There are 2 protein chains.
Amino acid sequence: MSKIYVVGIGPGAYDQMTGRAIRALEESDAIIGYTVYVDLVKDHFADKEFMTTPMKKEVDRCVLAFEEAKKGKTVSMICSGDAGVYGMAGLMYEVGTDYPEVELEIIPGVTAATGGAAVLGAPLIHDFCLISLSDLLTPWEKIEARLLGASQADFVICLYNPSSRKRHDYLQKACDLMMQYKSPETVCGIVANIAREGEISKVMTLKELRDTQVDMFTTVFVGNSQTQEIGGKMVTPRGYRR
Amino acid sequence: MSKIYVVGIGPGAYDQMTGRAIRALEESDAIIGYTVYVDLVKDHFADKEFMTTPMKKEVDRCVLAFEEAKKGKTVSMICSGDAGVYGMAGLMYEVGTDYPEVELEIIPGVTAATGGAAVLGAPLIHDFCLISLSDLLTPWEKIEARLLGASQADFVICLYNPSSRKRHDYLQKACDLMMQYKSPETVCGIVANIAREGEISKVMTLKELRDTQVDMFTTVFVGNSQTQEIGGKMVTPRGYRR
């Protein structure tokens, strides 16, 4: 039976990959992914065949992987972070219904939420939500309802895709919504280029976050009512009882 | 300056650790953790000094780590999964205010949510929440508000600590709350002993989950309105537009 590994390579590539992920890539004949991620691992697996497809061509990328596997190759489909968090794992199962002869194995990795959290300190110690601000496949009303619901229930909130050229004011809109329930003094943090060259992070209040410009390589963290700044780090306690 | 690494070893220990986590343990003189986690890595780092403290002695464990570091040792404090998700990273910063001469570095790992998701298929592809059902440090009313808010906003929900001897009916209570907004036919999944001996997983409906007994080593996944079962796997699509 042909096999495809769907592999999360972690936020910063080689050093953040798990042993199991490295082993899967070593076992593979072909490694497929979005150009940027393939470049992150290429040097470490020099004898492999590499194939890339551009952004927004995710279905094509899945079909390519299954077609290569059908030829008898062992294939790794790589994703940054974890393949199961806003990644390719779901689409691979959906496309895979046309390829019942190919087996899928998902190999987890460190996602931007926990990779970024480690840079900021410990913002995600207690209950948290991940919300993507991209409205490409999700109606904005749904995103809005989630921001409000999560804020009202005092979750720590981690925002993926906080901005893009077309959505430059989405983070501001999101902050205004969250401030309906969260204090403007809520401790927040941003991390860009997690575990890569140019990594930067900053701890600030929700009010300050509202007026901060971030790019699409930034992950945003909004604390709960208990989150504190301790020595420049963003730290959420384990609970509400001390 | 003395240094402590706070290291997430991933769900199943050695093969699920990142390169960076392995390097931190190799650089350390002493490795400290809850007995069960220390046993998971011990054989791979045979020349290290190991120290353990039992469950519920988390503050003592942190103090032990700082006291050892004060002696000039490089110390790794290990946690299963990710140290920043219901882990020791937060408490280390809190206790660390008494030890300004010790530097902390958090090393992320694969948490049970993404490790378990990979076993079940791709349940966490879209916005999701992590909620712990343990009311040891969090009032139950807060947990209840989160279950309701997250269900109403159609999040995928991942439950940590779904059960214990004292809380044997908490998962049932949580399912009843979620069914106020989620269909009883919502696709759900459970995974026990992720990436360890005895790993088991099962996909079922929310109605079936309600009447399922799980133990404290189980992670529970409750889908959103779009989550499907595909070939025995639990798969959430990337959005709401097809």
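Heads up: these notes are all about the structure in this document. (Residues numbered from 1 in each chain as written. Chains lettered and ligands numbered in written order. Predicted model: local features only at pLDDT ≥ 70, side-chain atom pairs only at ≥ 80, totals over all residues. Heavy atoms only, no water.)

Every contact between the two is made by 61 residues of chain B and, on the other side, 61 residues of chain A. Run the count over chain B and chain A and you get nine salt bridges. Among the salt bridges present, the one from Arg23(A) reaches Asp15(B), with a minimum N-O distance of 2.4 Å. Remark: the boundary between chain B and chain A carries 33 residue pairs in polar contact (both at pLDDT 80 or more). Taken together, the elements giving at least two residues each to the side of chain B that touches chain A come down to α1 (19-27), α4 (89-96), α5 (112-120), β6 (121-122), β7 (128-132), α6 (140-152) and β13 (233-235) of chain B. (Contact = heavy atoms within 4.5 Å. Salt bridge = Lys/Arg side-chain N within 4 Å of Asp/Glu carboxyl O. Polar contact = N/O pair within 3.5 Å; in protein donor to acceptor, adjacent residues only side chain to side chain. Helix = DSSP H or I, 4+ residues; strand = E, 2+ residues; numbered from the N terminus.)

In terms of nonpolar packing, the biggest core is built from 50 residues, with Leu147(A), Leu209(A), Leu147(B) and Leu209(B) touching the most fellow members. For Leu147(B), the contacting residues outside a window of four places in its chain are Ile131(B), Leu133(B), Trp140(B), Ile157(B), Leu159(B), Ala174(B), Leu177(B) and Met178(B). By size, the runner-up hydrophobic cluster in this structure holds 36 residues, among which are Ala117(A), Ile194(A), Ala113(B) and Val119(B). (Core = buried A, V, L, I, M, F, W, Y, C linked by side-chain atoms within 4.5 Å. Buried < 20%, exposed > 50% of the residue type's maximum accessible area, 1.4 Å probe, protein only.)

Turning to the environment of Leu130(B), a few remarks are in order. Here Leu130(B) is to be found in strand β7. Since its relative accessible area comes to 1%, Leu130(B) is described here as buried. Once the C-alpha coordinates of Leu130(B) and Lys73(B) are considered, the two residues, 57 residues apart in sequence, prove to be 35 Å apart. Once residues within four sequence positions are removed from consideration, Leu130(B) is found in contact with Asp127(A), Phe128(A), Phe155(A), Val85(B), Tyr86(B), Ala113(B), Cys158(B) and Tyr160(B).

All right, on to α1(B) then. Residues separated by three or four positions in an α-helix point in the same direction, a consequence of the helix having 3.6 residues per turn. The complete set of buried residues in α1(B) reads Arg20(B), Ala21(B), Ile22(B), Ala24(B) and Leu25(B). Of the surrounding elements, those touching the buried residues of α1(B) are β1 (2-8), β2 (30-34), α2 (35-41), β4 (75-79) and β5 (102-107) of chain B.

Laying chain B over chain A is done by rotating through 180° and shifting 0.0 Å along the axis; what remains is an RMSD of 0.0 Å. Such a combination of turn and shift is consistent with a two-fold rotation axis. In this assembly the copies share their binding face: 100% of the residues contributing to the interface of chain B also contribute to that of chain A. (Least-squares fit on C-alpha atoms with pLDDT ≥ 70 in both.)

In this section: the side chain of Thr219(B). All names here are of chain B. Take Thr219: it is sitting in strand β11 (residues 218-222). Looking at Thr219, the relative accessible area reads 6%, which means it is buried. When sequence neighbours within four positions are dropped, the list of residues in contact with Thr219 reads Ala112, Cys158, Leu159, Tyr160, Gly189, Ile190, Val191 and Ile194.

Our next topic: the packing of aromatic side chains. Per the stated rule, a full pass over the model turns up 10 aromatic pairs over all chains. Aromatic pair Tyr34(B) and Tyr37(B): ring centres 5.2 Å apart, planes at 80°, arrangement edge-to-face. As far as the burial class goes, Tyr34(B) and Tyr37(B) line up, both buried. The residue whose ring lies beneath Arg146(A) is Phe155(B), and the NZ or CZ to ring-centre distance is 5.4 Å. (Phe/Tyr/Trp six-rings, centres within 6.5 Å; stacked < 30°, edge-to-face > 60°. Lys NZ or Arg CZ within 6 Å of the ring centre and 35° of its normal.)

All right, on to the side chain of Asn224(B) then. Within the element layout of this structure, Asn224(B) appears in the loop between β11 and β12 (228-230). In terms of polar contacts, Asn224(B) uses its side chain to reach the backbone amide nitrogen of Gln226(B), at 2.8 Å. Not counting the four nearest positions on each side in its chain, Asn224(B) is found in contact with Arg146(A), His126(B), Asp154(B), Phe155(B), Val156(B), Lys182(B), Thr186(B), Thr236(B) and Tyr240(B).

Here we take up the sheet that holds β13(B). Residues and elements named next belong to chain B. Across the sheet, three strands lie side by side as β6-β13-β12; this open sheet has mixed pairing. Both outer strands of the open sheet, β6 and β12, are each paired with one neighbouring strand and no more. Summarising the sheet, β12 and β13 pair through three bridges and their orientation is antiparallel. Across the sheet, Glu229 pairs through a bridge with Met234, a residue of β13. (Pairing = 2+ DSSP bridges.)

Any link to function would need more than the numbers given here.
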